[in-house]
Amino acid sequence: MISSTLIRQLLRPLVLASSLLILLASTATGQQPFVTDDSDTTPKGHFHFGFANEFDLLPHSDFPSLRQNEADFELEYGLLHRVEIGIEVPLLTIFNTPETIPKTPSGVGDTNLSVKYNFLREHEKSRMPAMALVFNLELPTGDTNKQLGSGLADFYVNGILQKSLTKKTTFRLNGGILFAGNQTTGVEGIKTRGTVFTGGGSFVRQFSPKLQLGFELTGAVEKNFELGKGQLETLLGGNYQFRKNASLDFGLVAGKFAASPRFGAKLGISIDW
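Scope of this entry: the structure provided in the associated data block. (Residues numbered from 1 in each chain as written. Predicted model: local features only at pLDDT ≥ 70, side-chain atom pairs only at ≥ 80, totals over all residues. Heavy atoms only, no water.)

What follows is about unusual backbone geometry. Of the consecutive residues Gln 32 and Pro 33, the connecting peptide bond is found in the cis state with omega at 15°. Along the chain, the position of Pro 33 falls in the loop between α1 (4-21) and β1 (47-57). Between Ile 101 and Pro 102 the backbone carries a cis peptide bond, its omega angle lying at -5°. Mapping Pro 102 onto the fold places it in the loop between β3 (83-96) and β4 (106-108). The phi dihedral of Gln 147 falls on the positive side, at around 65°, and the residue is not glycine. Here Gln 147 shows up in the loop between β6 (130-139) and β7 (154-164). Its relative accessible area of 37% is what places Gln 147 among the partly exposed residues. (Helix = DSSP H or I, 4+ residues; strand = E, 2+ residues; numbered from the N terminus. Buried < 20%, exposed > 50% of the residue type's maximum accessible area, 1.4 Å probe, protein only.)

What follows is the structure in structure tokens.
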């Protein structure tokens, strides 16, 4: 059973974000809550805003850190036809054991800047999937003394394949390389500095005009391929489109290996204008 503490941690930032988003005035992309990125880009001259709050139980190897809450704010803008730019800022709270100082560090994590280019779109009579590339630069804006940031500038490239298996089912596949920095967000992630390989895949099915559900498997490993120090996560979730341009996103996370959370829950909102 999910505890009342976990529910409060998830709902508090979500309510604040909802109050802001409901004032804004295209259909939401609906890729949240999945980590696996899609090939679509925000239309030229338009914005896409995503908010997601994830509360995780950390692996025992992260002791004395026990839990982590990440309230993630992401804004994307269609700069050109098939080209979007984005910024992502996480607000992190880490829950340590009572004797740890600080017990509950909280603040801004590392800021991510991105550029996505969709160089191939999917066509109905073609077997070729849609393809895109994403270039990410993560700036060390988080406080390293509180474990909110890595203190490193990260450079990451991710490739995306997307294919409609049926009119209602979409498969997405990602593969990326972190060339510099490390892969952490707060306490979570691979802490070793250097090359990290990432991958993931998701199946998402539209069950009604407003409801999509799916699952994904994502992972990351160092260049020496030591699985025990890597990351493997699965997510079950989806989104419900409650307005023409907005959706409620939700998911449950389970992880394996040292760089993954043991269990987590995610709630969020996506909106286009």
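Two side chains that carry opposite charge are able to pair once their charged atoms sit near each other. Inspection of the entire model under this criterion finds six salt bridges. The partner of Lys 229 in a salt bridge is Glu 226, and the shortest N-O contact between them spans 3.6 Å. Taking the relative accessible area as the measure of exposure, Lys 229 reaches 44% and is therefore partly exposed. For Glu 226, a relative accessible area of 34% translates into the label partly exposed. Taken together, the salt bridges that share partners define one network made up of Asp 37, Asp 38 and Lys 116. (Salt bridge = Lys/Arg side-chain N within 4 Å of Asp/Glu carboxyl O.)

Taken as a whole, this structure holds 10 aromatic pairs when the rule is applied. Among the aromatic residues, ring-to-ring pairing joins Phe 47, Tyr 77 and Trp 273 into one connected group. It is Arg 205 that lies over the ring of Phe 207; its NZ or CZ is 5.8 Å from the centre. Positioned above the aromatic ring of Phe 257 is the side chain of Lys 256, whose terminal nitrogen or guanidinium carbon lies 5.4 Å from the ring centre. (Phe/Tyr/Trp six-rings, centres within 6.5 Å; stacked < 30°, edge-to-face > 60°. Lys NZ or Arg CZ within 6 Å of the ring centre and 35° of its normal.)

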